[in-house]
Amino acid sequence: MADELRARIRSGALRAGQRMPTQAQLADEFGVERGVVRQALRILQSEQLLTNVSKGAPAKVAADPARALIGPAAPPLPTTVALGPRIAAAFAAEHVEIHAVCLTSISLNLALGEPLREIHAGRLKPAKVDVRILLPSEDIALAFPVPVDGRRGDDTVHQRWLAQRNAQGQVLRHNLLALRATHGIDVRVSFRALPFTPPVKLYLLNGVEALFAYYTLERREAQIDHEKLEMYDAEGVRSMLFAFEQGAGLRDTTFVEQSLLWFNALWETISSELELTS
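Throughout what follows, the structure given in this document is the object of discussion.

## Quick notes on the pairing of strand β4 (residues 95-101)
Remark: a regular strand shows side chains that alternate across the two faces of the sheet. Most of β4 sits out of view: five of its seven residues are buried. Pairing of β4 with strand β5 (residues 128-136) involves seven bridges; the strand directions are parallel. Residue pairing for β5: V96 is matched across the bridge by V129. Tracing the backbone out of β4, into helix α6 (residues 106-120) and back to the parallel element β5 gives a crossover that is right-handed. As judged from the four bridges shared by β4 and strand β8 (residues 200-205), these two strands associate in the antiparallel manner. Bridge pairing links I98 to L205 in β8.

So, in structure tokens, the structure goes:
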């Protein structure tokens, strides 16, 4: 419920300063008890998206929710909520640089939707876009996702991940390279393979911002080729994203600088060519 209301605030469906529906109305809309409504509203209040959350009058959307969502003081938010606005803001630059370390590029693909729409609508037009992405090699035994029972010789889970990695990468590359023909933007998209499973995800934007999240493993059931498998996996799109910006204090600036050094070292040393096969 908090995710849905947050998305409405982000999209502008719920505007700055607007009075929220009553708790009774929200409970009816979402089919939940009042206690669940209050909990969701308190979450959004803690993220500085709502004010006046109480049992009395309806809450209000904060006066500047955009700052709460993407400003330097924004609290950690799920990747699906936080990454899109930050990627869109990065595309306002003349030269866009995005570097990423991740398990697959699904979160980045989702986040690119908004700036691509803005470019096609004529509201954004960077001159150059450089994207570099580090993904696990298909030749390694992944730490996750893996079957709970640890079966060897059965690579169903690995092949499922590999298909997702390749498909998402191909879509991302196609969507960005299409900007060359449609808008004359100089676009470069490169992938390299890591010899290990990254336990965290990292996005570096224009050399001035680092977005960091942990892959938190869970035991869950998945249907693969008509078979139900128990597996250890991480749902990266819901990982909480922590933001660090140059100029927001010594700690943030140092984190961004060291993250860039770490990424470039991996790119230039132990990573290898990656081919996104069908």
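## Here we look at the environment of L205
Turning to its location among the elements, L205 is positioned in strand β8. For the pair formed by L205 and I87, sequence separation is 118 residues and the distance between their alpha carbons is 7.4 Å. Excluding anything up to four places from it in sequence, L205 contacts R86, I87, A90, E97, I98 and L211.

## A look at the packing of aromatic side chains
With the rule as written, the count across this model stands at five aromatic pairs. Centre to centre, the rings of F212 and Y214 are 5.1 Å apart; their planes meet at 85°, and the pair counts as edge-to-face. Taken together, a centroid distance of 5.9 Å and an interplanar angle of 85° make the contact between F212 and F255 edge-to-face. Of this pair, F212 sits in strand β9 (residues 209-214) while F255 sits in helix α8 (residues 250-268); the two residues are 43 residues apart in sequence, bridging distant segments of the chain. Exposure remark for F212: the relative accessible area of 16% places this residue in the buried category. Every member of this aromatic cluster is reached through a ring pair, and the members are F212, Y214, F244 and F255. If you follow R132 out to its NZ or CZ, it ends over the ring of W267, 4.9 Å from the centre.

## Description of empty space enclosed by the protein
Throughout the structure, instances matching the rule amount to one cavity of 30 Å³ or more. Of the volumes computed, that of the largest cavity is approximately 40 Å³. Looking at the largest cavity, the residues that line it are M20, P21, T22, Q23, L41, S54, A57, P58 and A59. Here the residues of the lining of the largest cavity are counted per class, giving six nonpolar, three polar and no charged.

Quick notes on the rules
- Residues numbered from 1 in each chain as written.
- Predicted model: local features only at pLDDT ≥ 70, side-chain atom pairs only at ≥ 80, totals over all residues.
- Heavy atoms only, no water.
- Buried < 20%, exposed > 50% of the residue type's maximum accessible area, 1.4 Å probe, protein only.
- Helix = DSSP H or I, 4+ residues; strand = E, 2+ residues; numbered from the N terminus.
- Pairing = 2+ DSSP bridges.
- Right-handed = clockwise from strand over helix to strand, strands pointing away.
- Contact = heavy atoms within 4.5 Å.
- Phe/Tyr/Trp six-rings, centres within 6.5 Å; stacked < 30°, edge-to-face > 60°.
- Lys NZ or Arg CZ within 6 Å of the ring centre and 35° of its normal.
- 1 Å grid on protein atoms, 1.4 Å probe; cavity = no way out; pocket = protein on both sides within 12 Å on 5 of 7 lines; lining within 4 Å.
- Points joined across faces, edges and corners; volume = space filled by probe spheres on them.
- Nonpolar A, V, L, I, M, F, W, Y, C, P; charged D, E, K, R; others polar.

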